[in-house]
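Listed here are the chains, written in short residue letters.
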Amino acid sequence: MSAPSCGDIRTDTAPGAAFYRSDAAWTLARERVFVPSWQWLGHLGEVAATQTLAPRTLLPGSLDEPLLLARDAQGTLRCLSNVCTHRANLLVAAPCSAPHIRCGYHGRRFGLDGTVQASPGFTAQDGFPAPTDHLPQPAFGTWAGQGFASLSPATPLADWLAPVEQRCGALPGLQALRPAPARDADHVVQAHWAVVVENYLDGLHIPFIHPGLNTAIDMGHYRYELFPGACLQLALAREGEVAFAPPTDGPDAGLRVAAYYWWLFPNLMLNIYPWGISVNVVLPESPERTTVQFRSLVWDEALLGQGAGGDLQRVQDEDAAVMQAVQLGLRARLWRPGRYAAQHESGIHHFHRLLKAALGEI
Ligand code: FES
Ligand SMILES: [Fe+2]
């Protein structure tokens, strides 16, 4: 694989085609980028009550790690492995209410804190239970009613989310988000996951690909801000379009913000609009196939369909077409990695630097 230097946006070149096409590079990224990452587990409304359980899969299509959200009788919420410690049967298939977790294969029973309570065929004389008989717990935390887990976190959750919390944590409504499952969709894109992330971090294409979105936001004042593990694209509203009124003592005081487009390394996008948050989770499936989950968390239904966060389906379709074209272009024998547009592609350059830090040469 080629080895671009990643220090100066004016002279650096982007990763070579091999990074996007090689199975080995894709697998290495799965292990070195995604295993240490934080992953969004969705809104926690399903486990709001005591003694409730809800299964989750961490990174379906690549890591496929079965997890289980469990709130015990005292109200403590945990994230457990959803795999029985006996012979690896999956424990809970659907959200439910229960005082304990019972494995359907040989009847092992766990408390909602993950400790094994009983197991037919095992006795104390066998040294049972040992610590390894309890359900493992990945790193887990919450923010704005949503859950996040990591198998081997490279950074504390609070540090990873700090830029979003500092900039948007005081927005009224953030504590009153409601899922809107009728709006949920999963889109398959015939492209590498990094192509999807790069397209997201690229505001330069908006006037060319998204004529509708281009009428809602003021591209003359579009800006990018970089954080250690994140990028914010701040879009201001054109005159007459719906906008936030940001807090008067914050960095956006006086601005008519149409959208805060947050990307958190490696694969989470939190698009914060005046109506709520459109969450995008990028799920790698192969070097040429990626699924993007779109989930809506709403705080003001009356503003749905307006402004930058209005016709999201159209924007998604426009993006999918160009990403698939790029994936085909990456096969071309005559193509060489392009340079960065310094004023518009700092987010993409930042992404590539983070990839390089995780993977070494790309
Ligand atoms: S696999 Fe769960 S009790 Fe045997
Ligand atoms: Fe786009």
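Residues numbered from 1 in each chain as written. Chains lettered and ligands numbered in written order. Predicted model: local features only at pLDDT ≥ 70, side-chain atom pairs only at ≥ 80, totals over all residues. Heavy atoms only, no water.

Engineer: Would you mind showing me how to read the overall build of the protein here?
Structural biologist: Looking only at helices and strands, one finds 8 helices and 18 strands in the protein. Once the C-alpha set of the protein is aligned to its principal axes, its extents read approximately 70 × 50 × 35 Å. Within the protein, residue pairs in contact and separated by at least 24 positions form 61% of the contacts whose partners lie at least 6 positions apart. For the protein, the separation between the mean place of its 26 positive charges and that of its 33 negative charges on side chains is 5 Å. (Helix = DSSP H or I, 4+ residues; strand = E, 2+ residues; numbered from the N terminus. Contact = heavy atoms within 4.5 Å. Lys, Arg positive; Asp, Glu negative; His and termini not counted. Charge placed at Lys NZ, Arg CZ, Asp CG, Glu CD.)

Engineer: Explain the pairing of strand E18 (residues 289–298) to me, please; I cannot follow it from the model alone.
Structural biologist: When you tally the buried positions in E18, you get 9 out of 10 residues, the bulk of the element. Pairing geometry for strand E12 (residues 185–189) and E18, over 5 bridges, is antiparallel. Pairing of Asp186 across the sheet is with Gln293, part of E18. The sheet contact formed by strand E17 (residues 276–286) and E18 spans 10 bridges and is antiparallel. If you follow Val281 over to E18, its bridge partner there is Gln293. In textbook terms, the turn of a hairpin is the stretch between consecutive antiparallel strands, and for E17 and E18 this stretch comprises 2 residues. (Buried < 20%, exposed > 50% of the residue type's maximum accessible area, 1.4 Å probe, protein only. Pairing = 2+ DSSP bridges.)

Engineer: Sorry, what's going on with helix H7 (residues 312–329) here?
Structural biologist: For the α-helix, the turn length of 3.6 residues means that residues three or four positions removed from each other point alike. Look at H7: 26 Å from first C-alpha to last across 18 residues, which is about the 26 Å you get at 1.5 Å a residue. Those residues of H7 not exposed but buried are Leu312, Val315, Gln316, Glu318, Asp319, Ala320, Met323 and Gln327. (Expected span 1.5 Å × (residues − 1).)

Engineer: What is the right way to read the packing of helix H2 (residues 23–34) against helix H8 (residues 346–359) from this model?
Structural biologist: Each pair of packed helices can be summarised by the angle the axes make with each other and by the distance between the axes. Packing of H2 against H8 brings their axes to within 9 Å, and their N-to-C directions diverge by 95°. It follows that H2 is roughly perpendicular to H8 by the angle criterion. Only Leu355, Ala358 and Leu359 of H8 make contact with H2, whose side of the interface consists of Leu28, Ala29, Arg32 and Val33. Here the residues of the contact of H2 with H8 are counted per class, giving 6 nonpolar, no polar and 1 charged. (Axes fitted to C-alpha atoms, helices over the stretch in contact; angles between N-to-C directions. Parallel < 35°, antiparallel > 145°, perpendicular 65-115°, else oblique. Nonpolar A, V, L, I, M, F, W, Y, C, P; charged D, E, K, R; others polar.)

Engineer: Explain the domain arrangement of the protein here, please?
Structural biologist: Buried accessible area, meaning the area lost when the parts come together, often serves as the stated size of an interface. Taken domain by domain, the protein holds domain 1 (39–147) and domain 2 (169–359). On the side of domain 2, 17 residues touch domain 1, which itself brings 10 residues to the contact. Summed over both sides, the interface between domain 1 and domain 2 buries roughly 1100 Å², with carbon and sulfur atoms accounting for 69% of that surface. On the domain 1 side of the contact with domain 2, Trp40, His43 and Trp143 bury the most area, a combined 47% of that side's loss. Across the domain 1-domain 2 interface, the total number found is 0 salt bridges. At the boundary of domain 1 with domain 2, the tally comes to 2 residue pairs in polar contact (both at pLDDT 80 or more). Per element, the largest residue contribution to the side of domain 1 that touches domain 2 is 3 residues, and it comes from strand E1 (residues 39–43). (Domains from an automatic or database assignment. Buried area = accessible area lost by both parts, 1.4 Å probe. Salt bridge = Lys/Arg side-chain N within 4 Å of Asp/Glu carboxyl O. Polar contact = N/O pair within 3.5 Å; in protein donor to acceptor, adjacent residues only side chain to side chain.)

Engineer: Please clarify how the sheet that holds strand E4 (residues 77–81) should be interpreted in this entry.
Structural biologist: Each strand in a sheet pairs with another by means of backbone hydrogen bonds, the pair being arranged parallel or else antiparallel. Strand order across the open sheet formed by 4 strands is E4-E3-E2-E5, with antiparallel pairing between neighbours. One side of each edge strand has no neighbouring strand; the edge strands of this open sheet are E4 and strand E5 (96–97). Here strand E3 (residues 65–71) pairs with E4 via 5 bridges, running antiparallel. Paired with Leu68 across the two strands is Leu80, which belongs to E4.

Engineer: Explain the side chain of His43 here, please?
Structural biologist: Relative to the helices and strands, His43 resides in strand E1. According to the relative accessible area criterion, His43 is buried, its value standing at 19%. A distance of 3.1 Å separates a polar atom in the side chain of His43 from the backbone oxygen of Leu177. In this view, His43 contacts Arg56, Gly145, Gln146, Leu177, Pro179 and Leu297; residues no more than four positions away in its chain are not counted.

Engineer: Honestly, unusual backbone geometry in this entry has me stumped. Any pointers?
Structural biologist: With the exception of glycine, most residues fall at negative phi, and the peptide bonds are largely trans. Of the consecutive residues Phe128 and Pro129, the connecting peptide bond is found in the cis state with omega at 0°. By the element assignment, Pro129 lies in the loop between strand E8 (116–118) and strand E9 (139–143). A positive phi is found at Asp64, a non-glycine position, where the angle reads about 50°. By the secondary structure assignment, Asp64 is in the loop between strand E2 (52–58) and E3. With a relative accessible area of 41%, Asp64 lands in the partly exposed category.

Engineer: What exactly am I supposed to notice about the coordination of the iron ion (ligand 2) here?
Structural biologist: Ideal donor angles around a metal are set by the shape: a four-donor tetrahedron calls for 109.5 degrees, a six-donor octahedron for 90 or 180 degrees. Only His205 (NE2), His210 (NE2), Asp319 (OD) and Asp319 (OD) from the protein reach the iron ion (ligand 2) as donors, at distances of 2.0 to 2.6 Å. Relative to the metal, the 4 donor atoms surrounding the iron ion (ligand 2) lie at angles of 55 to 155°, and the coordination shape comes out irregular. Motif for the iron ion (ligand 2), donor spacing along one chain: H-x4-H-x108-D. Taken as a pair, His205 in the loop between helix H4 (193–200) and helix H5 (206–209) and Asp319 in helix H7 lie far apart in primary sequence, 114 residues in all. Like Asp319, His205 is buried. (Donors = N, O, S within 2.8 Å, 3.2 Å for Na, K, Ca; no water. Tetrahedral: all angles 85-135°; square planar, octahedral: opposite > 155°, others 65-115°.)

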